[in-house]
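Residue-level listing of the chains:
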Amino acid sequence: MMLDMVHDIQTAYRKLIDSMSKPGTISDLSEEAEKLEQLQGYLPATYIAARMLLDTEVTFKVVSKREKEMALALSQSTYAKEVELEEADFIFVLSDAEPSELLRALQTAKIGELQDPHSSATIIIETEGLSGGTKLLLSGPGIRTTVKAEMHVADEWIDIRAERNAEFPLGLDLIFTDASHGMLALPRTTQVTKEEV
């Protein structure tokens, strides 16, 4: 069975909205991922995110050791236009990117303007896993008190994200995907701290 570009993408989009409205919630895209044909270079959850978010109206940038090849694949399947990092609406940081490249993407991505805060970037970050790894505490809208989250990403991104999101409503929204077809969203309103062990 192949991925239905209407029904399955709508189902995945509803899961993403659920993760955005309840930060720390991991959405499972296994059902949709199983319908994908063999992918070269993207985690299935990342590719599904690209298919739901990209179209001819938006721009993107891929951060990867195989940037040209991966960007071409997205352009051909979504008709979205590839642009430079600081102009991109969506930035895909793939698992083969150096940790310094993730930090550069966070520092360079557009955060919107006071008259137009929604013109900021959303960064989709591939990670080994959304369990184990760095332990985080999340708080803010959509969270009653605090929620715990874990991910296999070097934790230097936390301070940069906090710095870029300091002047609400400006900021970056992050979506993490993993090899188990999980998706976790951190909207700009979510406060993230490293859990003290």
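Residues numbered from 1 in each chain as written. Predicted model: local features only at pLDDT ≥ 70, side-chain atom pairs only at ≥ 80, totals over all residues. Heavy atoms only, no water.

Per an unreviewed UniProt entry, the protein goes by Phosphonate C-P lyase system protein PhnH and derives from Paenibacillus chondroitinus.

Chemist: What's the story with the overall build of the protein in this structure? I'm lost.
Modeler: Helix and strand content of the protein: 6 helices and 12 strands. The C-alpha atoms of the protein give a radius of gyration of 16 Å, which matches the 16 Å a tight globule of 197 residues would have. Taken along the three principal axes of its C-alpha coordinates, the protein extends 45 × 35 × 30 Å. Accessible area of the protein: about 10,000 Å², with a carbon and sulfur share of 50%. (Helix = DSSP H or I, 4+ residues; strand = E, 2+ residues; numbered from the N terminus. Rg over C-alpha atoms; globule rule 2.2 N^0.38 Å. Areas by Shrake-Rupley, 256 points an atom, 1.4 Å probe, with all protein chains shown as cover.)

Chemist: Just to check I follow, could you spell out the packing of helix α5 (residues 99-108) against helix α6 (residues 157-164) for this structure?
Modeler: When two helices pack together, their arrangement is given by the angle between the helix axes and by the axis-to-axis distance. With their axes 9 Å apart at the nearest point, α5 and α6 run at an angle of 5° to one another. In terms of their interaxial angle, α5 and α6 are classed as roughly parallel. Between α5, through L102, L103, L106, Q107 and T108, and α6, the contact on the second element is made entirely by W157, I160 and R164. Broken down by class, the residue content of the contact of α5 with α6 amounts to 5 nonpolar, 2 polar and 1 charged. (Axes fitted to C-alpha atoms, helices over the stretch in contact; angles between N-to-C directions. Parallel < 35°, antiparallel > 145°, perpendicular 65-115°, else oblique. Contact = heavy atoms within 4.5 Å. Nonpolar A, V, L, I, M, F, W, Y, C, P; charged D, E, K, R; others polar.)

Chemist: What exactly am I supposed to notice about α5 here?
Modeler: An α-helix turns once per 3.6 residues; consequently, residues spaced three or four apart project the same way. Along α5, the residues classified as buried are L102, A105 and L106. All buried residues of α5 fall inside an arc of 95° around its axis, so they share one side. Structurally, α5 contributes buried residues whose contacts are with β4 (90-93), β7 (122-127), α6 and β10 (173-178). (Buried < 20%, exposed > 50% of the residue type's maximum accessible area, 1.4 Å probe, protein only. Arc of directions from axis to C-beta.)

Chemist: How do you make sense of the environment of S19 when you look at a structure like this?
Modeler: The topology assignment puts S19 in helix α1 (residues 7-21). On the basis of relative accessible area, S19 is assigned to the buried category, the value being 0%. Note: C-alpha distance between S19 and P187 (168 residues apart in sequence) is 9.2 Å. S19 has contacts with T25, I26, S27, M183 and A185, leaving out every residue within four places of it along the chain.

Chemist: Explain the nonpolar core here, please?
Modeler: Generally speaking, soluble globular proteins have nonpolar side chains that are buried together. Core analysis: the biggest nonpolar cluster contains 32 residues, and I91, V93, I123, W157, L174 and F176 have the highest contact counts within it. Listed by contribution, the elements that provide at least two residues to this core are β4, α5, β7, β8 (134-139), β9 (147-151), α6, β10 and β11 (182-186). With near-sequence residues (within four places) excluded, I91 lies in contact with K61, V63, L85, A105, A109, A121, T122, I123 and I124. (Core = buried A, V, L, I, M, F, W, Y, C linked by side-chain atoms within 4.5 Å.)

Chemist: In this structure, what is going on with helix α3 (residues 44-53)? I would like to understand it.
Modeler: Across the 10 residues that make up α3, a large majority, 8, are buried. Among the residues of α3, those classed as buried are A45, T46, Y47, I48, A49, A50, M52 and L53.

Chemist: Would you take a moment to explain the environment of L102 for this structure?
Modeler: Structurally, the position occupied by L102 is in helix α5. Separated by 78 residues in sequence, L102 and G24 have C-alpha atoms that sit 20 Å apart.

Chemist: Explain the sheet that holds β8 here, please?
Modeler: Strand-to-strand pairing in sheets goes through backbone hydrogen bonds, with the strands running parallel or antiparallel. Spatial ordering of the open sheet is given by β9-β8-β12, a layout of 3 strands whose pairing is antiparallel. Since the sheet does not close on itself, it has two edges, and those belong to β9 and β12 (191-194), each with one partner. Strand-to-strand, the axes of this sheet are offset by a mean angle of 35°, without reference to chain direction. Looking at chain direction, β8 and β12 are connected through 4 bridges and run antiparallel. (Pairing = 2+ DSSP bridges.)

Chemist: I would appreciate a short explanation of the packing of α3 against helix α4 (residues 67-78) in the present structure.
Modeler: Taken N-terminus to C-terminus, the directions of α3 and α4 make an angle of 45°; their axes are 10 Å apart at the nearest point. Looking at the two axes, α3 sits oblique to α4. In terms of crossing hand, the pair formed by α3 and α4 is right-handed. Residue-level inspection shows Y47, A50 and R51 of α3 in contact with α4, the latter providing L74, S77 and T78. (Left-handed = near helix turned anticlockwise from the far one by under 90°.)

Chemist: Would you explain unusual backbone geometry in this entry?
Modeler: Across residues other than glycine, the phi torsion is negative in most instances, and most of the peptide bonds are trans. Cis peptide bonds are those with omega within 30 degrees of zero, and the linkage from F168 to P169 qualifies with 15°. Looking at the element boundaries, P169 is found in the loop between α6 and β10. The backbone of Y79 shows a phi angle near 65°, a positive value even though the residue is not glycine. Along the chain, Y79 falls in the loop between α4 and β3 (81-82). Its relative accessible area of 64% is what places Y79 among the exposed residues. Positive phi, normally seen in glycine, also occurs at H181, with a value near 70°.

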